[in-house]
Amino acid sequence: MTFKPRALLVVVTIVALLLTVFGVSAQDLPDLGGQTITVAVENAYIPFNFIDETTGEAAGWDYDAIGEICVRVNCVPEYIQTSWDTMLVAISNGEFDVAADGITITEERDQSVDFSMGYIAVEQILLIRIEEDRFDSIDAFVADSTLRIGTQLGTTNYNTAVGLIGEGRLQSYDTFGFAIEALVAGDVDAVIIDSTSGQGYVGANAGRVKIIGGSIQSDYLGFAFPEGSELVAAFDAALQSMIDDGTLEQINAEWFPPAEAAAE
Amino acid sequence: MDKSSDLIFQESAVRAKANSFTFLYTFPWWALILVLVAAFMFVTILSDTFYAATFDQLRAGVALTLTVSFVSYAIALVIGLSIGLIRAYPPKPAATLRGHVTGALRVALYNLATLYVSIMRGLPILVVLLIVAFVVVPAVRDAINTTFGTDIRIRGTSPESAIIALALTYGAFLSETFRAGIQSVERGQIEAAKSLGMNTLQVMRHIVLPQAFRRILPPLGNDMIAMIKDSSLVAILGINDVTQIAKLRSSNTFKFMETYLVAALLYLTMTIIGSMIVRWMERRLQTAQR
């Protein structure tokens, strides 16, 4: 047999590459050992998770982000669709390993579930009909007692709306999809929603709804886990590495309009 | 001592025993359990502040639940009676030309009524609710407003839409109940009444409908109670009935058990009172018949 220097070079390169890849992940990130984790999603919250009209497949920020997290910490996501109003209580009962639905981190919720680090800061904004001419600011909206807000029940947006205008002028739907449809049909005059999702609905209903005013309230979004879950540390490590190498920013840029993609 | 008196004594002893047992057999144990559970729940509600707050919030939805249920049911009764009357007597070929004209009208009515029943009976109430709220009501309202230049403000996701949807669905069900009741009155009675000189309206008013109504009262009562339960579906439109308030409260507080126990208690109170009213009406009609 003759000695082939080129073959050695190839072998050395491959070994070096493998060492780099596995060495880095072994050093920085926990290894979940290929564990299957159940992920609760709603598939009704653009752009986090929804059914893509053109492909008929579930898609969105959550699928991309969790897919990438699972590549980094070696797990297999199994997505399970559930309704939003029961999602957090199901998590606190340990029925899923993690919930992904653009969930705002609040003190009250933190008492029943554990949160990952905040992966994005969002503002709550008002979505209105494109032809709306009765008001042009949030203050004007609040002042006119005939105007009504639609939102999704069990959301922080609902709580913000109660604080803003009270329950009498508020109608809460099971999904934001219903609330947006009620807005377009004229049942409500505005929908209060997180800016990330609001932008998504402006895109999905181009020419029917628009955003007004500045931010009503600013919050962080995170993934929710049953209390004491060991996955929190793994997800936080993966998220931090995705922020550090710019992957999170890329995923944000794909799903959120550039102005909103200021992740912290 | 002769043996016969001894036997009689034994027999009466057995009978006395049987009588004291009969009470155990016929006593409505279920009602006792129900009353005890309800009493326990009400005591809990009175003593526990969270239950009390839940009860106060959910109670606010009772008025809407009952309004939606009873208005829908009343409209459904009118629809059911009209459609039931049309469908109880299918049109038959007439002999004269004038008969053909009214015959054509009746054929059209009969087929429209059957079409309505076939469609509405085959649709889930939830689907009807969503179609009425998000499609029919906005479209009809906008069409009327643009055609006549009016400014009608009826909203799609409103109690009015819920009532329309529930009344349309239940109207189809009730029409079949009415049809069965009307057809259960023997033809001979109708012919006898006509030979006494009554016209069709009088026959219906005095002979057919009173008997039909008495026969279908139990299923009509069942449907009224079912309507109270099905009215919980209107929560999908975001209007604040008992179920919607329970959903709002449970998703905010995470206290599902407490919230839905109170909701169940409220619904049970409404349905059991409803079934008591129905039973009272049945008994009254039976006495009136005698």
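Residues numbered from 1 in each chain as written. Chains lettered and ligands numbered in written order. Predicted model: local features only at pLDDT ≥ 70, side-chain atom pairs only at ≥ 80, totals over all residues. Heavy atoms only, no water.

Novice: Please clarify how the overall build of chain B should be interpreted in this entry.
Specialist: Tallying secondary structure elements over chain B gives 10 helices and 0 strands in all. N-terminal to C-terminal, the α/β element order of chain B is α-α-α-α-α-α-α-α-α-α. Whereas a compact globule of 290 residues would reach a radius of gyration of roughly 19 Å, chain B reaches 27 Å, over 25% beyond that. Principal axes of the C-alpha set define a box for chain B whose edges measure 95 × 65 × 25 Å. The contacts in chain B between residues at least 6 apart in sequence include a share of 77% that link residues at least 24 apart. Accessible area of chain B: about 17000 Å², with a carbon and sulfur share of 69%. (Helix = DSSP H or I, 4+ residues; strand = E, 2+ residues; numbered from the N terminus. Rg over C-alpha atoms; globule rule 2.2 N^0.38 Å. Contact = heavy atoms within 4.5 Å. Areas by Shrake-Rupley, 256 points an atom, 1.4 Å probe, with all protein chains shown as cover.)

Novice: Please clarify how the confidence of the model for chain A should be interpreted in this entry.
Specialist: Fine structural detail should not be taken from predicted coordinates in areas where pLDDT scores are low. Per-residue pLDDT for chain A has a mean of 86; in total, 87% of the residues score no lower than 70. With pLDDT under 50 throughout, residues 23–27 of chain A is counted as low confidence; its partners more than four residues away or in other chains account for 3 contacts. (pLDDT = per-residue confidence, 0-100.)

Novice: Teacher, can you tell me more about the interface of chain B and chain A here?
Specialist: In many reports, interface size means the accessible area that the parts give up when they come together. Taken together, the 19 residues of chain B in the interface contact 20 residues of chain A. A combined buried area of about 1800 Å² lies between chain B and chain A, and 56% of that area is made up of carbon and sulfur atoms. Ranking the residues of chain B by area buried against chain A places Phe 134, Arg 155 and Phe 254 of chain B at the top, with a combined share of 33%. Taken together, the links from chain B to chain A amount to 1 salt bridge. Notably, a salt bridge pairs Asp 174 of chain A with Lys 247 of chain B, separated by 2.8 Å at the nearest N-O pair. The tally of links from chain B across to chain A stands at 11 residue pairs in polar contact (both at pLDDT 80 or more). Secondary structure elements with two or more residues in the side of chain B that touches chain A: α5 (125–148) and α9 (242–253) of chain B. When residues of the side of chain B that touches chain A are assigned to their parent elements, the largest contribution, 5 residues, is made by α9 of chain B. Within the side of chain B that touches chain A, the residues separate by chemical class into 10 nonpolar, 6 polar and 3 charged. (Buried area = accessible area lost by both parts, 1.4 Å probe. Salt bridge = Lys/Arg side-chain N within 4 Å of Asp/Glu carboxyl O. Polar contact = N/O pair within 3.5 Å; in protein donor to acceptor, adjacent residues only side chain to side chain. Nonpolar A, V, L, I, M, F, W, Y, C, P; charged D, E, K, R; others polar.)

Novice: Is there a simple way to think about the packing of helix α7 (residues 176–185) of chain A against α5 of chain B in this case?
Specialist: Running from amino to carboxyl end, α7 of chain A crosses α5 of chain B at an angle of 15 degrees, the nearest separation of the two axes being 11 Å. Judged on the interaxial angle alone, α5 of chain B and α7 of chain A are roughly parallel. Where α7 of chain A crosses over α5 of chain B, the handedness of that crossing is left-handed. On α5 of chain B, the residues touching Phe 178, Glu 181, Ala 182 and Ala 185 of chain A of α7 of chain A are Leu 130, Phe 134, Pro 138 and Arg 141 of chain B. When its residues are assigned to classes, the contact of α7 of chain A with α5 of chain B shows 6 nonpolar, no polar and 2 charged. (Axes fitted to C-alpha atoms, helices over the stretch in contact; angles between N-to-C directions. Parallel < 35°, antiparallel > 145°, perpendicular 65-115°, else oblique. Left-handed = near helix turned anticlockwise from the far one by under 90°.)

Novice: Can you walk me through the packing of aromatic side chains in this structure?
Specialist: Pairs of aromatic rings are described using the distance from one ring centre to the other and the angle between the two planes. Going through the model one piece at a time under the given rule, you end up with 19 aromatic pairs over all chains. With a centroid separation of 6.1 Å and 25 degrees between ring planes, the pair formed by Trp 61 of chain A and Phe 223 of chain A is classed as stacked. One end of the pair, Trp 61 of chain A, is in helix α2 (residues 61–73); the other, Phe 223 of chain A, is in strand β13 (residues 218–226), and 162 residues separate them in sequence. Neither Trp 61 of chain A nor Phe 223 of chain A differs from the other in exposure class; each is buried. Taking 4.7 Å as the distance between ring centres and 65 degrees as the angle between the ring planes, the aromatic pair formed by Phe 27 of chain B and Trp 29 of chain B counts as edge-to-face. Taking relative accessible area as the criterion, Phe 27 of chain B reaches 27% and is therefore assigned partly exposed. Through successive ring pairs, a cluster of aromatic residues spans Tyr 45, Phe 48, Trp 61, Tyr 119, Phe 176, Phe 223, Phe 225, Phe 235 and Phe 256 of chain A. One cation-aromatic arrangement involves Arg 249 of chain B over Phe 50 of chain B; the distance from NZ or CZ to the ring centre is 4.6 Å. Above the ring of Phe 50 of chain B, the side-chain terminus of Lys 255 of chain B is found at 5.2 Å from the ring centroid. (Phe/Tyr/Trp six-rings, centres within 6.5 Å; stacked < 30°, edge-to-face > 60°. Buried < 20%, exposed > 50% of the residue type's maximum accessible area, 1.4 Å probe, protein only. Lys NZ or Arg CZ within 6 Å of the ring centre and 35° of its normal.)

Novice: Would you mind showing me how to read the sheet that holds strand β3 (residues 49–51) of chain A here?
Specialist: Two pairing modes exist for strands in a sheet, parallel and antiparallel, and in both the strands are linked by backbone hydrogen bonds. Residue and element names in this part refer to chain A. Spatially, β2-β3-β4 is the arrangement adopted by the 3 strands of the open sheet, whose pairing is antiparallel. Only two strands of the sheet have a single neighbouring strand rather than two, namely β2 (44–45) and β4 (58–59). With 2 bridges joining them, β2 and β3 adopt antiparallel strand pairing. Within the sheet, the bridge partner assigned to Tyr 45 lies in β3 and is Asn 49. (Pairing = 2+ DSSP bridges.)

Novice: Can you walk me through a nonpolar patch on the surface in this structure?
Specialist: All names here are of chain B. On the surface, Leu 112, Leu 115, Ile 119, Leu 123, Val 127, Ile 131, Val 135, Val 136 and Val 140 cluster together to form a nonpolar patch covering roughly 720 Å² of accessible area. Every element with two or more residues in the nonpolar patch is listed here: α4 (97–121) and α5. With 5 residues, α5 is the largest single contributor of residues to the nonpolar patch. As for its position among the elements, Ile 131 is in helix α5. (Patch = residues over 30% accessible without salt bridge, like charges linked within 9 Å, V, L, I, M, F, W, Y side chains within 5 Å.)

Novice: Just checking my understanding: could you explain a positive patch on the surface for this structure?
Specialist: Together, Lys 92, Arg 106, Arg 187 and Lys 194 of chain B make up a positively charged patch on the protein surface. Turning to its location among the elements, Arg 106 of chain B is positioned in helix α4. (Lys, Arg positive; Asp, Glu negative; His and termini not counted. Charge placed at Lys NZ, Arg CZ, Asp CG, Glu CD.)

Novice: What am I meant to see in the packing of helix α3 (residues 49–88) of chain B against α9 of chain B here?
Specialist: When two helices pack together, their arrangement is given by the angle between their axes and by how far apart the axes lie. Residue and element names in this part refer to chain B. Where α3 contacts α9, the two axes come as close as 7 Å, and the packing angle between them is 150 degrees. As judged from the angle between their axes, α3 and α9 are roughly antiparallel. Crossing of α3 against α9: the hand is right-handed. Seen from α3, the contacting residues are Phe 50, Ala 53, Thr 54, Gln 57, Leu 58, Ala 60, Gly 61, Val 62 and Thr 65; seen from α9, they are Val 242, Ile 245, Ala 246, Arg 249 and Thr 253. Considering only residue class, the contact of α3 with α9 consists of 8 nonpolar, 5 polar and 1 charged.

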